[in-house]
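Below are the chains, spelled out letter by letter.
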There are 2 protein chains.
Amino acid sequence: MKIAVDAVGGDFYPKNPIEGALAALSEFDDLSILLLGPEEQVRKELGNHDYPSERIQVVHAPEIVGMKESPAVAIKTKQESSIVVGMGLHKAGQVDGFVSAGNTGALLAASTFILGKLEGVHRPTIATFYPTIKGFRLLVDAGANLELKPDHAVQFARMAQVYSKVILNIEEPTVGLLNVGEEEEKGTDNLKLIHAALKPVSGFIGNVEGRDVLSGKADIYVCDGVVGNILLKFGETIPATLMKMLQTAVAKTTIDPDDVIQTQKILKAALAPFDYQRVGGIPFLGVNGVSIVGHGGSSPLAIKNMIKSAIDCVKHDINGQIVSSLN
Amino acid sequence: MKIAVDAVGGDFYPKNPIEGALAALSEFDDLSILLLGPEEQVRKELGNHDYPSERIQVVHAPEIVGMKESPAVAIKTKQESSIVVGMGLHKAGQVDGFVSAGNTGALLAASTFILGKLEGVHRPTIATFYPTIKGFRLLVDAGANLELKPDHAVQFARMAQVYSKVILNIEEPTVGLLNVGEEEEKGTDNLKLIHAALKPVSGFIGNVEGRDVLSGKADIYVCDGVVGNILLKFGETIPATLMKMLQTAVAKTTIDPDDVIQTQKILKAALAPFDYQRVGGIPFLGVNGVSIVGHGGSSPLAIKNMIKSAIDCVKHDINGQIVSSLN
């Protein structure tokens, strides 16, 4: 099992990607890793750690794609970036998967153009993990497809079902269409068409509402990329917002400081299911390869879990399963 | 000041609307209230309370619009419902405003068709209060207009600005367009057109993202009714979800029960800004009258605050201000 890791992706490179890669090597015996980035920079960081040198290979990729760069321009002009080089190695079959906490748009573009689409796939999609009271569930599309066509929605649902089975161990994942009401006739004309198209999908439970997300009513929430992106970014701010609100509330009262510390501990434990690090990254579904992207702020633990997701995708032949499910 | 209150709207009628109305009478000296509903039912509930009978009038409206009824059908067929009768009294100038915790769609339809639109208004809209770390802010549209046209978006923003000034006491409310990224070129073609149309609006701060909602980056978040409705219903589930997650976390630990009680108290205080009862209801903006709708589960306190909002709208001539702001 060989996974390429973007050593210069995200907000904390090369430290976090490299520490995450080394953690993955400790956890998975049959794993070896290619680290992509400017060689000197990568080797310097590696020098701070003990590591099994026979299982690590550094691939020189001198260019770095910034987090705010235009994806299309970056992919075209930075042919020697970790993203383009890494995806090329994956395309050439030299690695089994590619993991990065870098520029999501650039990674999606590179995945789509370099790896290509799986047989029968109209459009690749980004499915994101969403925390619910039942654990993480999937929200698809999370921003790759701002407008949602009915036949695309059906493919996104089916691909997310395969991913749910493999990565979240949900046997028969249910699918809900995010809408403004439960009734079939609710929503825009396009949402009604999507509803009709989703009906034949096994596990489709109909429309779900905003109130049904945190309760985990569906295993997969289907929506367009605008709704998905807004909900994704909104959800990420909930834990920190609550901690701030807690501080404000505490500042207004005369509570024993020990109780405050205790409260923060309990609240932190309560919010643990919202911690994205546990799942690490999100997949590009529908591309001809295994490409996992993480949050820019990914910690070493998050990177390690992204690598784990990539390994699981390879081991379970997720793309073979996706092709079967669509045809 | 005369406000009509739907005594049979919401999930807990007639108790909650009537208790809320009586609370408002205690708070506002110059107020009198018309209670609309089946007379016997209303008088029976009134009999459970002491109240200033000279300031309460019961108007017999024998029909009740159910929470799940089709708005268009309900308004057409239930001419003697509290909603249709109350809106008719408002149209006839016999009351200064109408307040209900009933079927939102039916209330919007009745407000639009019976009261009519204000001069120059393309479409009435529902603006909802949204809790942020800075206090309540407005999200518009919250579900009345599932698709958003650029010129409608501009009117929604301007109307919400007037409402923010009057009800939230924000002097120069800022406006953000909810989008998938901050940059001007982000989003669907329609979102780009809306962005361009909003540019001349004083206080427009550009695109905002899902992560900017809870932080209160803008005073007014403009979005289409699909996004608004999903975010509104999502937000409403946050406090209860957290309390459940807290219970789960607590059940897994061996914490002193006293600490748990303390924690719940602190968390409840922290979540108080999320309590919709504080603002009570949301306005239909752009109709030729004052029409405030509340959550189906509205408590007496929420109903009382809805009545307060209606009074504020009348006192500040909100509709006069809206017409000026649009022309």
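These numbers were taken from a predicted model, which means no experiment stands behind them.

1. Topic: the sheet that holds strand β9 (residues 220-222) of chain A
Residues and elements named next belong to chain A.
- An order of β3-β2-β1-β4-β11-β10-β5-β6-β9-β7-β8 is seen for the eleven strands of this open sheet, with the pairing classed as mixed. With one partner strand each, in any of the chains shown, β3 (56-60) and β8 (204-208) form the two edges of the open sheet. Each strand of the sheet is rotated relative to its neighbour by a mean of 25°, with strand direction disregarded.
- Here three bridges tie strand β7 (residues 175-178) to β8, and the two strands are oriented parallel to one another. Of the residues in β8, the one forming a bridge with Leu178 is Val208.
- Across the sheet, helix α6 (residues 150-168) lies against β5 (125-132), β6 (135-140), β7, β9, β10 (281-285) and β11 (291-294), angled at about 155° from β6, the strand it touches most.

2. Quick look at the nonpolar core
- With 230 residues, the main nonpolar core has Leu35, Leu178 and Ile307 of chain A together with Leu35, Leu178 and Ile307 of chain B as its most contacted residues.
- Not counting the four nearest positions on each side in its chain, Ile307 of chain A is found in contact with Ile3, Val5, Gly20, Ala21, Ala24, Leu31, Ile33 and Val99 of chain A.

3. Some thoughts on the interface of chain A and chain B
- On the side of chain B, 48 residues touch chain A, which itself brings 48 residues to the contact.
- Between chain A and chain B, a total of about 4,200 Å² is buried, with carbon and sulfur atoms accounting for 78% of that surface.
- Its largest share of buried area at the contact with chain B, chain A owes to Ile230, Phe234 and Met245 of chain A, together 16% of the area lost on that side.
- Across the pair Lys233 of chain A and Glu209 of chain B runs a salt bridge, and its minimum N-O distance is 2.3 Å.
- The interface formed by chain A and chain B contains four residue pairs in polar contact (both at pLDDT 80 or more).
- Those elements that provide at least two residues to the side of chain A that touches chain B are α8 (225-236), α9 (238-251) and α10 (257-271) of chain A.
- Looking at the side of chain A that touches chain B, its residues break down into 27 nonpolar, eleven polar and ten charged.

4. Digging into unusual backbone geometry
- Here the residue pair Val140 of chain A and Asp141 of chain A is connected by a cis peptide bond, since its omega of 10° sits within 30 degrees of zero.
- Examined against the element boundaries, Asp141 of chain A turns out to sit in the loop between β6 and α6.
- Backbone torsion omega between Tyr13 of chain B and Pro14 of chain B reads -5°, so that peptide bond is classified as cis.
- You can see Pro14 of chain B is positioned in the loop between β1 (2-6) and α1 (15-27).

5. Topic: the side chain of Ser291 of chain A
Residue and element names in this part refer to chain A.
- The topology assignment puts Ser291 in strand β11.
- Using a relative accessible area of 2% as the deciding quantity, one classes Ser291 as buried.
- Reaching out from Ser291, the side chain makes a polar contact with the side chain of Ser111 at a distance of 2.9 Å.
- With residues near it in sequence (within four places) discarded, Ser291 still touches Met87, Phe98, Ser111, Leu115, Ile282, Pro283 and Phe284.

6. Focus: the relation of the copies chain A and chain B
- The two copies are related by a screw motion: chain A maps onto chain B through a turn of 180° and a shift of 0.0 Å along the axis, at an RMSD of 0.0 Å. Overall, the copies show the geometry of a two-fold rotation axis. The position closest to the rotation axis in chain A is occupied by the C-alpha of Thr263 of chain A, lying 2.5 Å away.
- Mapped onto chain B, 100% of the interface residues of chain A again fall at the interface, so both copies present the same surface.

7. With respect to the pattern of salt bridges
- On inspection of all chains with the given rule, the structure shows 22 salt bridges over all chains.
- With a closest N to O distance of 2.9 Å, Asp219 of chain A and Arg137 of chain A form a salt bridge. Taken as a pair, Asp219 of chain A in the loop between β8 and β9 and Arg137 of chain A in strand β6 lie far apart in primary sequence, 82 residues in all.
- By relative accessible area, which is 10% here, Asp219 of chain A ends up buried.
- For the salt bridge of Lys192 of chain B with Asp189 of chain B, the shortest nitrogen-to-oxygen distance reads 3.9 Å. Within this pair, Lys192 of chain B and its partner Asp189 of chain B are both found in helix α7 (residues 189-198), separated by three residues, close to a single helical turn.
- With relative accessibility at 56%, the residue Asp189 of chain B sits in the exposed group.

Basis of the calculations
- Residues numbered from 1 in each chain as written.
- Chains lettered and ligands numbered in written order.
- Predicted model: local features only at pLDDT ≥ 70, side-chain atom pairs only at ≥ 80, totals over all residues.
- Heavy atoms only, no water.
- Pairing = 2+ DSSP bridges.
- Helix = DSSP H or I, 4+ residues; strand = E, 2+ residues; numbered from the N terminus.
- Axes fitted to C-alpha atoms, helices over the stretch in contact; angles between N-to-C directions.
- Contact = heavy atoms within 4.5 Å.
- Core = buried A, V, L, I, M, F, W, Y, C linked by side-chain atoms within 4.5 Å.
- Buried < 20%, exposed > 50% of the residue type's maximum accessible area, 1.4 Å probe, protein only.
- Buried area = accessible area lost by both parts, 1.4 Å probe.
- Salt bridge = Lys/Arg side-chain N within 4 Å of Asp/Glu carboxyl O.
- Polar contact = N/O pair within 3.5 Å; in protein donor to acceptor, adjacent residues only side chain to side chain.
- Nonpolar A, V, L, I, M, F, W, Y, C, P; charged D, E, K, R; others polar.
- Least-squares fit on C-alpha atoms with pLDDT ≥ 70 in both.

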